[in-house]
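Working through the structure, step by step
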Amino acid sequence: MCNRSIKVNQSGQQNMHQIFAAVLGLLLCSQLPGQTQAQSPGLQVAKHWKLLSYNFPSLSRASDADFYNPQNVLITGIAVSSDRIFVATPKLFSGVSSTVSWVPKGSMGDSPVLQAYPDWSFSNTARSNYNCSDLILTSVYRLRIDSCNRLWLLDAGVSRSLEDYEITCPPKILVVDLNTDRVVRRIDFPREVLRGETLFTNMVIDETTAKSCDDVFVYITDTVEPGIIVYDSSKDVTWRLSHPAMYPDPDFAQSEIHNDKFVLMDGVVGLTFDERQGIVYFQPLATDRVFSVHKNVLRAGPLAQGQMLDVKLVGKKSSQGIGMAVSPLDSSLIFSPLSETAIAAWNPTSNQQSVLAQDRDRLQFVADITTTRSEPGVIYAIASKFHRFFLKNLNPNEFNNRILRLELPQSRALASGIKSPLLTHPLTLATGPAHNSLLHYSVYNTAPSQSQTYFTSPAQTTKIPYKYESTGIVNYALRNPFTALNQGEAFPPSKATRDNYQRSYLDTLVPTAAAAVTVTAPASFTRQRHSGYYYH
């Protein structure tokens, strides 16, 4: 039997100025001849569709390809309540009838028709009779449920983002009360935090210091104009922060899933939040790295002139990815590498790594991973086969959109469930280490093993558990600008080649101590107010 959990050898201590970075390596036994996929007995198909369809109103133009083109509709975001599953289907292409929908949660393995949410009046697809000030939704990539049972809808406002990139309306957030399905708040962003091709794609809601439903912070990713937008809901103010770690890396522009290769230079898009430690994890699509920043750093306001955002390098994975979550049980970082079609976890407290599920078919392009308050020991994931939609080689006879349910290994040990900070019951689980305090781990174990370890120091050569294309070696020590390309190397260079000969600035973003993060706001800064207002 192949081990499904590995722990790095801790026979020696590492220098205080070095930490381990997370390099996702799946179990080598999953690549044994004749084995098509690792066994994932806990992975359940909650819903699946070959092509998505809607509960079209009787007078709809379902035959109009601009209104509905089933081969252009894919799910990128998910939120799960006690009785419903909400999905986001952004307007990557034309023909997306409704950008937010829901399906019943009860049954498993069915292919229900999507119910437009809140209702069809919110859809502006193929319409011209609307104003951007109306209660409409243009293109939603992610949605989240807070502890007050409200659904936050992040509307990017961009139509056909992978075609002609039409900025249809400014971005906004609509907050919907799930008890009544009515919009209770609208948040419009000031022009000062927007850029020319801003695309808001993901968000997390920070309720760790909340005293009321609207006393929260929201962290939002801008993927095309890379940055993180911070919204202070109690003060109704917004500011923008950016860092080189949020930008795409050209060396990882090309992603690969089985035999499909595609190039997409997306900046920061993966985002999740550890409530106990106050750590925000993020990753661009075009990178193999995972980064983090403490909530206090984000909350401190706009950066002073010349100040650099305090971003830390958490580690490296074996391939690119988007979907991320934090386990509510032990604060493990849960993520999904695209090429390995898997969901994996890394525990920052114990340095233990594990493959939670691997499936060559069902886990193709995991775009979002979420937890749910109604099932504290369970994660839900969206696997959309985005690469097939993007490359226009979709097979309509295969299941192309899936909602997957996975029970975490530690869920049985959960005593009484995890409560929200807004409730009176505190979190009872043990606390983890201080921010990025991955210290005193042993040097990467290079001894032969049936399994591949997941972690390596940024200072060490990245260990690749899967085959990679060999290339000519370039001597980067020779700083000759006129011998840049034609020397036999492939582009993009392999990770092994780059790590050996061209260290990145991003690899230096490692912590030097495990001290707690203390951040003070700049003496003065301009808070950008905007027209957030309420509906009753």
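Structural notes, computed from the coordinates. Every chain is numbered on its own, with residues counted from 1 as its sequence reads. A pLDDT threshold of at least 70 governs which residues receive local features in this predicted model, and a stricter bar of 80 or more applies before side-chain atom pairs are shown or counted, although totals over entire chains, interfaces and linings include all residues. Note that the side-chain values use all heavy atoms of the structure and ignore hydrogens as well as water.

Turning our eyes to something else, we now look at the overall build of the protein. Every helix listed is a DSSP run of H or I at least four residues long, and every strand listed is a run of E at least two residues long, numbered separately from the N terminus. A tally of regular secondary structure across the protein gives three helices and 33 strands. Type-normalised accessible area, obtained with a 1.4 Å probe on protein chains alone, sets the label of each residue: buried when under 20%, exposed when over 50%, and partly exposed for intermediate values. Sorting the 536 residues of the protein into buried and exposed places 58% on the buried side. Here, residues are in contact when the closest pair of their heavy atoms is within 4.5 Å. In the protein, the proportion of contacts linking residues at least 24 apart, taken out of those at least 6 apart, comes to 64%. Approximately 21900 Å² of the protein is accessible, and the part contributed by carbon and sulfur atoms is 50%. What sets the accessible areas is the Shrake-Rupley method with a 1.4 Å probe; for residues, cover comes only from the shown protein chains.

As a further point, take the pattern of salt bridges. Close approach of charged atoms allows side chains with opposite charge to pair. Should a side-chain nitrogen of Lys or Arg be within 4 Å of a carboxyl oxygen of Asp or Glu, the pair is scored as a salt bridge. Inspection of the entire model under this criterion finds 27 salt bridges. Where Asp181 meets Arg84, a salt bridge forms, and the shortest distance between an N and an O atom there is 3.1 Å. Note that Asp181 is positioned in the loop between strand 12 (172-177) and strand 13 (182-188) and Arg84 in strand 5 (residues 84-88), a separation of 97 residues in sequence. Judged by its relative accessible area of 29%, Asp181 is partly exposed. In this structure, the salt-bridge partner of Arg185 is Asp236, at a minimum N-O distance of 3.8 Å. In this pair, Arg185 is assigned in strand 13 and Asp236 in the loop between strand 16 (227-232) and strand 17 (237-241), connecting sequence segments 51 residues apart. Overall, Arg185 belongs to the buried group, its relative accessible area being 2%. A network of salt bridges, in which partner residues are shared, links Asp260, Asp361, Lys385, Arg388, Glu398 and Arg402.

With that settled, consider the nonpolar core. Among buried residues, the Ala, Val, Leu, Ile, Met, Phe, Trp, Tyr and Cys ones that are joined through side-chain atoms within 4.5 Å form a nonpolar core. Ranked by size, the top nonpolar core spans 25 residues in total, and within it Tyr219, Val230, Phe282 and Phe291 carry the most contacts. When residues no more than four places from it in sequence are discounted, the contact partners of Phe282 are Ile228, Ala245, Met246, Val268, Gly270, Leu271, Val290, Phe291, Ser292, Val293, Val311 and Met324. Of all hydrophobic cores here, the second largest spans 21 residues; its members include Leu52, Ile75, Val87 and Leu114.

Moving on: the sheet that holds strand 7 (residues 115-116). Here, any two strands with at least 2 DSSP bridges between them count as paired. The strand order across the open sheet built from four strands is 4-5-6-7, with neighbouring strands paired in antiparallel fashion. Unpaired on one side and paired on the other, strand 4 (77-80) and strand 7 mark the two borders of the sheet. Direction of pairing for strand 6 (residues 100-104) relative to strand 7: antiparallel, over a ladder of two bridges. Bridging from a neighbouring strand, Trp102 pairs with Gln115 of strand 7.

With that out of the way, let us pick up the state of the cysteines. Should the sulfur atoms of two cysteines be covalently bonded, the bond is a disulfide. Any two cysteine sulfur atoms within 2.5 Å of one another count as a disulfide. Counted under the stated rule, the structure contains two disulfides. One disulfide bridge connects Cys132 with Cys169, the sulfur atoms lying 2.1 Å from each other. Residues Cys132 and Cys169 are joined through a disulfide that is left-handed, its torsion about the S-S bond being -80°. One end of the pair, Cys132, is in the loop between strand 7 and strand 8 (140-145); the other, Cys169, is in the loop between strand 11 (166-167) and strand 12, and 37 residues separate them in sequence. A relative accessible area of 27% places Cys132 in the partly exposed class. Sulfur-sulfur distance for the disulfide between Cys148 and Cys213 comes to 2.0 Å. Disulfide Cys148 to Cys213: torsion about the S-S bond roughly -95°, handedness left-handed. With Cys148 in the loop between strand 8 and strand 9 (150-155) and Cys213 in the loop between strand 14 (200-206) and strand 15 (217-222), this residue pair connects regions lying 65 residues apart in the sequence. Taking relative accessible area as the criterion, Cys213 reaches 30% and is therefore assigned partly exposed.

Time to look at the packing of aromatic side chains. Two aromatic rings, taken as a pair, are described by how far apart their centres are and by the angle between their planes. Put simply, two rings from Phe, Tyr or Trp (the six-membered ring, in Trp's case) pair if the centres are within 6.5 Å, and we call them stacked under 30 degrees between planes, edge-to-face over 60, tilted for the rest. Counted by the stated rule, this structure contains 16 aromatic pairs. Each ring, one from Phe56 and one from Trp120, has its centre 5.9 Å from the other, and the planes form 25°; the classification is stacked. Taken together, the residues span a long stretch of sequence, with Phe56 in the loop between strand 3 (43-49) and strand 4 and Trp120 in the loop between strand 7 and strand 8 at a distance of 64 residues. Measuring from centroid to centroid gives 5.6 Å for Phe386 and Phe390, while their planes differ by 25°, and the two rings are stacked. Of this pair, Phe386 and Phe390 both sit in helix 2 (residues 386-391), four residues apart, which is roughly one turn of the helix. Ring pairs connect the aromatic residues Tyr54, Phe56, Phe67, Tyr68 and Trp120, which therefore count as one cluster. Over the aromatic face of Phe399 sits the side chain of Lys50, whose NZ or CZ is 5.6 Å from the ring centroid. Definition used: whenever NZ (Lys) or CZ (Arg) falls within 6 Å of the ring centre and also within 35 degrees of the ring normal, the charge is taken to sit over that ring. When the ring centre of Phe93 is taken as reference, the NZ or CZ atom of Lys392 above it lies at 3.9 Å.

Here His243 is to be found in the loop between strand 17 and strand 18 (254-257). With a relative accessible area of 1%, His243 lands in the buried category. Here a polar contact means two N or O atoms within 3.5 Å. Within protein one must be a hydrogen donor candidate and the other an acceptor candidate, and residues neighboring in sequence count only if both atoms are side-chain atoms. In terms of polar contacts, His243 uses its side chain to reach the backbone amide nitrogen of Ala245, at 2.9 Å. Apart from residues lying up to four places away in sequence, His243 is in contact with Met308, Leu309, Val311, Tyr505 and Leu509.

For the peptide bond that leads from Tyr117 to Pro118, omega is -10°, which places it in the cis range. A positive phi is found at Tyr165, a non-glycine position, where the angle reads about 50°. Here Tyr165 lies in the loop between strand 10 (158-159) and strand 11.

Next up on the list: the sheet that holds strand 28 (residues 366-372). The strand order across the open sheet formed by four strands is 3-30-29-28, and the pairing between neighbours is antiparallel. Each edge of the sheet is formed by a strand with only one pairing partner; in this case those strands are strand 3 and strand 28. The sheet shows a mean angle of 20° between the axes of neighbouring strands, direction not considered. Relative to strand 30 (residues 401-407), strand 3 is paired through six bridges, and the arrangement is antiparallel. Among the inter-strand pairings, Trp49 is bridged to a residue of strand 30, identified as Asn401. In this analysis, axes come from line fits to C-alpha atoms, helices being fitted only over the stretch in contact, and the angle between any two N-to-C directions falls in the range 0 to 180 degrees.

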